[in-house]
Amino acid sequence: MRGRQREQHREQQQRQQQQRQQRGSALPAAVGALCRALPPRTRPAPDTLRRARFDRPQASLDFWKLLYVLLKQIHGGTWTESDAIGAQVSFVKWALWYHGYRRPQLQRLAADGSGGSRELLLAFSWLLHCPGLLELLLAQNRVQTGDQTSVCTCEDDVPRSQEGPGEAGAEGTVDVRYLQWLHGRLRLQWCSLHAQHQEQCKLLHKIHSFTSGSHMDQRLGHFSVTEADLIRHPENCKQLLQLLDSETMQLEAFLQWKQLEAVYWQWMETVLDDLAEEGNMCESQDADVEKRRLPEVTSCCPWAARLAGQMARLSRELLALQEQLQQLVAQRKAAWWDKVATREELQEERFSATARKAQESTELKLRALTALCAPQKNRMHGLCRLVLRSKQPGSRVACGQCVPKEAAQVIRELQLRQASLQGELQQLQQQCRTRLDGIAEGLQGVICISP
């Protein structure tokens, strides 16, 4: 029996050793595929991740820069090589906190980026898992060859709160004329943007109609702006081919990464085990230090009994002061409640207005929850390709893998949404008029003329 147990134990150890060897041989391939799947300008060296696993300070600056560039791309911001390391560190901490990574050890890292490479490796791995970093970057950096537009027919999940900035204006902190000027400026910019968009649509329609029937793909039937530009300037084909080759290599690396992803996460488990062991060692060392300190204090303090007596006397004095403070607080509370009782009549109107406001806010939230619980329609959201159809007026919009929709149908959905928002705006305006009428009735000797 003992011989069999020894043989089984030996075979189990051999299997575990073989698994470690296989995992060790697949780990460099997984890390290499991960680095190649990142955008070209932000690809780190695979050795950077290995150094960060052992918390080497040489990898800290590289990891701060990597996270800074990746998060900037996700948020649509611009960056340069000359950005200060302090600005990079602060932006990375803010962006990770915004996305939900709130590990205090990361927030306590130095602002000069001198250490914490292992913590940055954990944050990078969290971004890979939770927000889907690679998928976001691949979708954002995709080479676009067709004419696309952004379409959104979704409704807001929660209505905007009607509380807040409007209250501050009553005390004169916000000038109404300044708000009117801002509103007029916003309308002017909106009209300018709308005119530019109309001009772009006219030019797109010209290109689509002039090149109708020229495309090899019969489902499209016409060239896009990029394809028409390539016909006019064939020398730009080389640059487009380079971009497509780079994207193809990145997609191949992404597929390889998905096959070896489990190896990477097993490796990250060892990183977490190392962190846990270091934390336990620090706790045990602190406990040993405290145990060594206690006898030294008692042995070096023969006057400990006298000190204990003084502390007891101080505690009795503190208890007496606490009783006096409680009596004083009770007297002040009684006086305050007397003042409140005299002002209750004056505050009834204000309280009723606050109650009405809370009731309206509750009704809005209940309507929002009812809309959320209701069955959702298949609404469009995201980038869609514009395809002109000669048989039917207007264009057809193909949204990713969704069923193509006619532009007229999208316009009808947007018009329904506009009508709903217009009704809500009129309701809010009526509430504001009612509130202003109530305020005007309380003013004596003032005549208010509505505009």
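Quick notes on the rules
- Residues numbered from 1 in each chain as written.
- Predicted model: local features only at pLDDT ≥ 70, side-chain atom pairs only at ≥ 80, totals over all residues.
- Heavy atoms only, no water.
- Helix = DSSP H or I, 4+ residues; strand = E, 2+ residues; numbered from the N terminus.
- Buried < 20%, exposed > 50% of the residue type's maximum accessible area, 1.4 Å probe, protein only.
- Contact = heavy atoms within 4.5 Å.
- Axes fitted to C-alpha atoms, helices over the stretch in contact; angles between N-to-C directions.
- Parallel < 35°, antiparallel > 145°, perpendicular 65-115°, else oblique.
- Left-handed = near helix turned anticlockwise from the far one by under 90°.
- Nonpolar A, V, L, I, M, F, W, Y, C, P; charged D, E, K, R; others polar.
- pLDDT = per-residue confidence, 0-100.
- Patch = residues over 30% accessible without salt bridge, like charges linked within 9 Å, V, L, I, M, F, W, Y side chains within 5 Å.
- Areas by Shrake-Rupley, 256 points an atom, 1.4 Å probe, with all protein chains shown as cover.
- Salt bridge = Lys/Arg side-chain N within 4 Å of Asp/Glu carboxyl O.
- Core = buried A, V, L, I, M, F, W, Y, C linked by side-chain atoms within 4.5 Å.

*Asks:* Give me the lowdown on the overall build of the protein chain, citing residues and values where you can.
*Replies:* When its secondary structure is counted, the protein chain shows 14 helices and four strands. Buried positions account for 23% of the 451 residues belonging to the protein chain. Within the protein chain, contacts between residues separated by at least 24 positions form 65% of all contacts whose residues are at least 6 apart in sequence.

*Asks:* So what about the environment of Trp94? Which residues, and what values?
*Replies:* Tracing the sequence through the fold places Trp94 in helix α4 (residues 85-99). A relative accessible area of 47% places Trp94 in the partly exposed class. As for Trp94 and Gln107, which are separated by 13 residues in sequence, their C-alpha atoms are 9.0 Å apart.

*Asks:* Requested: an account of the packing of helix α7 (residues 133-140) against helix α11 (residues 237-259), with residues and values cited.
*Replies:* Viewed as axis vectors pointing N to C, α7 and α11 meet at an angle of 165°, and their least axial separation amounts to 12 Å. When the axes of α7 and α11 are compared, the pair comes out roughly antiparallel. At the point where α7 passes α11, the crossing takes the left-handed sense. For the pair α7 and α11, the contacting residues are Leu134, Glu135 and Leu138 in the first and Gln250, Leu251, Phe254, Trp257 and Lys258 in the second. Taken together, the residues of the contact of α7 with α11 sort by class into five nonpolar, one polar and two charged.

*Asks:* Can you lay out the side chain of Thr211 for me, pointing to particular residues and giving the numbers?
*Replies:* Along the chain, Thr211 falls in the loop between α9 (176-210) and α10 (225-232). Not counting chain neighbours up to four residues away, the residues in contact with Thr211 comprise Gly221, His222 and Phe223.

*Asks:* Break down the confidence of the model for the protein chain for me, with residues and values.
*Replies:* This prediction gives the protein chain a mean pLDDT of 76; 73% of its residues lie at or above 70. Counting interchain partners and residues more than four positions distant, the pLDDT-below-50 stretch residues 157-171 has 14 contacts. Low pLDDT, under 50, characterises residues 289-301; the predicted model gives this stretch zero contacts beyond four residues in sequence or across chains.

*Asks:* Tell me what's going on with unusual backbone geometry, and back it up with residues and numbers.
*Replies:* Of note in this structure, Asp55 is not a glycine but carries a positive phi near 60°. Locating Asp55 in the fold gives a position in the loop between α2 (46-53) and α3 (60-74). Assessed through its relative accessible area of 36%, Asp55 is described here as partly exposed.

*Asks:* An account of a nonpolar patch on the surface is requested, with residue identities and associated values reported.
*Replies:* Taken together, the side chains of Val174, Tyr178, Leu179, Trp181 and Leu182 define a hydrophobic patch exposed on the protein surface, amounting to about 470 Å² of accessible area. Mapped onto the fold, Tyr178 is located in helix α9.

*Asks:* Break down the nonpolar core for me, citing the residues and quoting the values.
*Replies:* One finds Leu49, Phe124 and Tyr264 to be the most contacted residues of the largest nonpolar core, which totals 47 residues. It is α3 that provides the largest number of residues to this core, a total of eight residues. Beyond its immediate sequence surroundings of up to four residues, Phe124 is in contact with Leu34, Leu38, Phe63, Leu66, Leu67, Leu70, Leu133 and Tyr264.

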